[in-house]
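Chain by chain, the residues run as shown.
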2 protein chains.
Amino acid sequence: MNLTKKSFINGQWITTTGETFASHNPVTNQAIEQFNSASVDDGKEAVLGAKLSFNAFKNLSGLERASLLEQIAVEIEALGDDLLNTANDETGLGLVRLTGERGRTCNQIRAFATMLKEGSWVRATIDTADANRTPPKPDLRRMLRPIGPVLVFPASNFPLAFGVLGGDTASALAAGNPVVIKAHPAHPATSELCMLAAERALIKCGIASNTIAMVQGSSLELAQSLVVNEAIQAIGFTGSLQAGRSIMDLAATRATPIPVYAEMGSTNPVFITPDALTKRGSDIANGLAASIAMGTGQFCTSPGVIVTLKNAQFEHQLTDAINSANQGYLLHPSIATGLKKSVSSLVNNDNVEVLAGTTLAEDSLKTPNSLIATSANAFLADDSLHEEAFGPISLLVNCQNEAELIAVADAIHGNLTATIHCQDEDALAQPLAQSLENHVGRLIVNGYPTGVEVCASQQHSGPYPACSSPATTSVGSDAISRFTRFIAYQDMPQALLPVELRDDNTLQVLRQVNNHVQNAAL
Amino acid sequence: MNLTKKSFINGQWITTTGETFASHNPVTNQAIEQFNSASVDDGKEAVLGAKLSFNAFKNLSGLERASLLEQIAVEIEALGDDLLNTANDETGLGLVRLTGERGRTCNQIRAFATMLKEGSWVRATIDTADANRTPPKPDLRRMLRPIGPVLVFPASNFPLAFGVLGGDTASALAAGNPVVIKAHPAHPATSELCMLAAERALIKCGIASNTIAMVQGSSLELAQSLVVNEAIQAIGFTGSLQAGRSIMDLAATRATPIPVYAEMGSTNPVFITPDALTKRGSDIANGLAASIAMGTGQFCTSPGVIVTLKNAQFEHQLTDAINSANQGYLLHPSIATGLKKSVSSLVNNDNVEVLAGTTLAEDSLKTPNSLIATSANAFLADDSLHEEAFGPISLLVNCQNEAELIAVADAIHGNLTATIHCQDEDALAQPLAQSLENHVGRLIVNGYPTGVEVCASQQHSGPYPACSSPATTSVGSDAISRFTRFIAYQDMPQALLPVELRDDNTLQVLRQVNNHVQNAAL
């Protein structure tokens, strides 16, 4: 397979700087090959191309945008084993996982296409005129519309599902926006293959090639120049709290501030009531160990905190299960560096006891699964124990009594998820749920936080520091809303209105007309 | 009428500082009376009270919150002429306008109550479980939920409709959030009367009095301390770009950044095609003059820019109409200072010609209506000509040809509204609409931007600098969404779910169940 090792900018594969960066194989822990870094000027050119494509792209019908998305999914699949093997070389995630992830990636792209074909997602609302009212009531019609070029920073931990053609790109395109993707430097070959698939789809659909751009490079300067580019209208990001907050802070300094949709750190605490511990402690220990080790702990929803009443038997069960769980590879040396820093801070904390793992290899990215323990009092007093350690590690918070369990629930920071393990008629379930929902985007009962269903009811978000924008979601069909804004049209002639707002409603979309939901023509 | 001249904090009328500030009568241009300023500690206490009230308030049913809102409207009306006379003393807006504004204020509060009673606004979505799928599909249910204490900065230009019990407070309460209001120092007596109405409603409904707090004062330190209070979860603001941006910037520095919904500066450009100018120039001139002078130009949607082909007859008609329009009073000396600064910058601009008004009195807040003119070239080259001048003044941008008209449309900054005056089959209507919708929240055809209908289809927002959050609206029923976030519940027992998500759907709310919209039980 021949790669250009360049960036796709304004419809062309180009490079200008002469600077390069290396891809890396986590299993061998060796560099693979060099890729060209785009310059700051290349980035400007990519954004300019996206800006110029906007007025044509926003006016494509939903059916035309759906065809583009479906063709993108076809082109991803047409990459065949090349894509899976390349992604495996760059991530070490294994072909089984990556095959599943490719399926999810194409499914979520096709799910947006299905939404576009159906059409009701634009939330059309119509209030008709009343000339006899004093003052006369105008005709007002409102729907979601695209916003302009969107900048996407893909994640390292999902090279496909949150990669170049992952959820952020798919939802931004679905909404009608050009997209500039700053590819993650941890998997540049995978990124180039995905961009090639997108280029082929654009050409086959007759859509301008500058509608999607992909910029390769590892420099902070390049990333920052894209964030402050005034033509960018919104940013999607998945990654660390440190990187996400720096993007939020930089975007806030722009002459024209824009929304940043950053999905960042989360410890996904799991609370186990005394009743559940007694009845199902062993099962829960095994379930937790599998969830912690899954994907080498590199999931946004990995359970990083477990809260229960102190119980020696459960500690032993959980420790055994974690010691028995499969060991995998961290994605990249920078993730190993981050995890070592987190582990070092934890094991050097006087109030923390090591139960399993924590000794990371110096010359390999293969990583033990770790379990450490602390007391509720220590957890409540020490903010550093609330921070995410990204990798296969979890902190067991031992409470003395039920009041401490509730106090810990009240004190958790913003998270993507919280989980309650409880029994039927469990008196602790209700107070735990009442407290935990204030801090999370998704509340799970008797399950595990890993495994994020892609559907309309999914909410993959949560209060800061989990996310920058707790009201929105980055997974599920409502992810499209992030890259839209409502526009109202007052007394607009039919011919000038978007089709979803015209009297004849040829698409038969559901609309709220004079406060009643219907799909009829007016 | 006896006023406490204090702040309502944690359910009590209190003051601690001894510092005071004066209310002001715009018609006499004299101070009226002194009010006590709350201290920074008072502000903290108000937020703490609101925080403590949250868990009880969020669990009230929609019917219970609707009763509170309806009682608030009743208590506002029960204030009778005292409220109207007090607001007139503090704003000079006149009893006719203020009577209308009181009606609008109570209508919008009752409209939220109606939404709560109907219940579908929570956008409930349900995806049911499928145990036979591999992996098993969980049961996921998602809806909008309240977020916690909301800080509201009311506007000076709508002492009732965007005052202490205006749209921001009403929508935040409707969503289930406690509210802390930093009353506008331009109308403290009006604010106290509104807070008294709210207190009476809370007591009659048996809801904790710390659910709503009102903090009086004019110090920057007090306002800033509220913005950075970590218990505040979102901020609503209506006012100047300078003040709004400073709140955005300060909120972005918080340990936990929060959304700021700021409605700020807008020039609401009105474009007139050559055809419309020929056929209806005189009518449009009269309509524009009335819109510019309305409320002494102190509307967010006042038409501050008029764009057309240069036409001497229209200039004369518009100048005459503006000279003939009623003159009113500016709301406050600080608004007069701001307008004088804007006018001075404009009349000293070499590329601007004065057609009417611009000479503001030194000792009175009664203000002439003003019209100035410039060329399209000057407008395109000079960002200062795009800035809002808050008051009864408009800038006529004279174009040489249709290409310049389109170029000006492409160049306008973010605005709440843009308006197109055109004729049937007007070839310019489509390109103008395509360009202008990229910059505004509401696009109007053959009307005037003042007059903001309160309904589901209203979008009172727009790209920065008009608003901080162009995707949301501060007027209309969707204003409630700003103070919510989605929460998903996974495999949650029926008894722990909010009623809107339970199988039996006793409220019969519209829900999307497995991708189909219905109001049936499961």
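Numbering of residues starts from 1 in every chain and runs along the sequence as written. The order in which chains are written sets their letters, starting at A; the order in which ligands are written sets their numbers, starting at 1. The model is predicted, so local features are restricted to residues of pLDDT at least 70 and side-chain atom pairs to those at 80 or more, both for listing and for counting; the totals for chains, interfaces and linings are taken over all residues. Think of the side-chain values as coming from all heavy atoms in the structure, minus any hydrogens and water.

## Structural notes on helix α4 (residues 95-118) of chain A
Item 1. Over its 24 residues, α4(A) runs 34 Å from end to end, which matches the ideal 34 Å to within 8%, given 1.5 Å per residue.
Item 2. Starting at the N terminus, helices and strands are each numbered in turn, a helix being any DSSP run of H or I of at least four residues and a strand any DSSP run of E of at least two. At the C-terminal side of α4(A), G119(A) shows a positive phi close to 95°. The span expected for a helix works out to 1.5 Å for each residue beyond the first.

## Regarding the sheet that holds strand β21 (residues 484-490) of chain A
Item 1. Strands are labelled as partners when DSSP assigns at least two bridges between them. Taken in spatial order, the twelve strands line up as β23(A)-β22(A)-β5(A)-β6(A)-β21(A)-β20(B)-β19(B)-β12(B)-β13(B)-β18(B)-β17(B)-β15(B) in an open sheet, and their pairing is mixed. This sheet does not close on itself; its edge strands, each paired only once, are β23 (516-518) of chain A together with β15 (353-356) of chain B. For this sheet the average axis-to-axis angle between neighbouring strands, irrespective of direction, equals 25°.
Item 2. Relative to strand β13 (residues 305-309) of chain B, strand β12 (residues 270-272) of chain B runs parallel, the two being bridged by two bridges. From the neighbouring strand, F271(B) faces β13(B), where its bridge partner is V307(B). Between N-to-C directions, angles span 0 to 180 degrees; the directions come from axes that are lines fitted to C-alpha atoms, helices contributing only their stretch in contact.

## Remarks on unusual backbone geometry
Item 1. Here the bond from Y464(A) into P465(A) is cis, since omega is 10°, no more than 30 degrees from zero.
Item 2. Residue position: P465(A) is located in the loop between β20 (440-445) and β21.
Item 3. For the bond from T134(B) to P135(B), the omega torsion is -10°, close enough to zero to count as cis.
Item 4. Structurally, the position occupied by P135(B) is in the loop between β5 (125-127) and β6 (140-146).
Item 5. The phi dihedral of T296(A) falls on the positive side, at around 55°, and the residue is not glycine.
Item 6. On the accessibility criterion, T296(A) (6% relative accessible area) is buried.
Item 7. Phi is positive for T358(B), which is not a glycine, with a value near 80°. Burial classes: relative accessible area under 20% of the type maximum marks a residue as buried, over 50% as exposed, and values in between as partly exposed (1.4 Å probe, protein chains only).

## Details of the relation of the copies chain B and chain A
Item 1. The fit set for superposing copies consists of C-alpha atoms from residues with pLDDT of at least 70 in both; the fit itself is least squares. Each copy superposes on the other: chain B lies on chain A with an RMSD of 0.0 Å after a rotation of 180° and an axial shift of 0.0 Å. What we have between these two chains is a two-fold relation. When C-alpha distances to the rotation axis are compared across chain B, the minimum falls at A252(B), with a value of 3.4 Å.
Item 2. Note on contacts: a residue pair is in contact if any heavy atoms of the two residues lie within 4.5 Å. The fraction of interface residues of chain B whose copies in chain A are also interface residues reaches 100%, indicating that both copies meet through the same surface.

## Digging into the pattern of salt bridges
Item 1. Think of a salt bridge as a Lys or Arg side-chain nitrogen and an Asp or Glu carboxyl oxygen that are within 4 Å of each other. In total, this model carries 33 salt bridges over all chains according to the counting rule given.
Item 2. For D503(A), the salt bridge identified is with R141(A), shortest N-O distance 2.9 Å. Residue D503(A) is located in the loop between β21 and β22 (511-513), and its partner R141(A) is located in strand β6 (residues 140-146); the two are separated by 362 residues in the primary sequence.
Item 3. When its relative accessible area of 4% is taken as the criterion, R141(A) is described as buried.
Item 4. Between R142(B) and D478(A) there is a salt bridge, and its shortest N-O distance comes to 2.9 Å. Here D478(A) lies in the loop between β20 and β21 and R142(B) lies in strand β6, a pairing that spans two chains.
Item 5. The exposure class of R142(B) is buried, given its relative accessible area of 2%.

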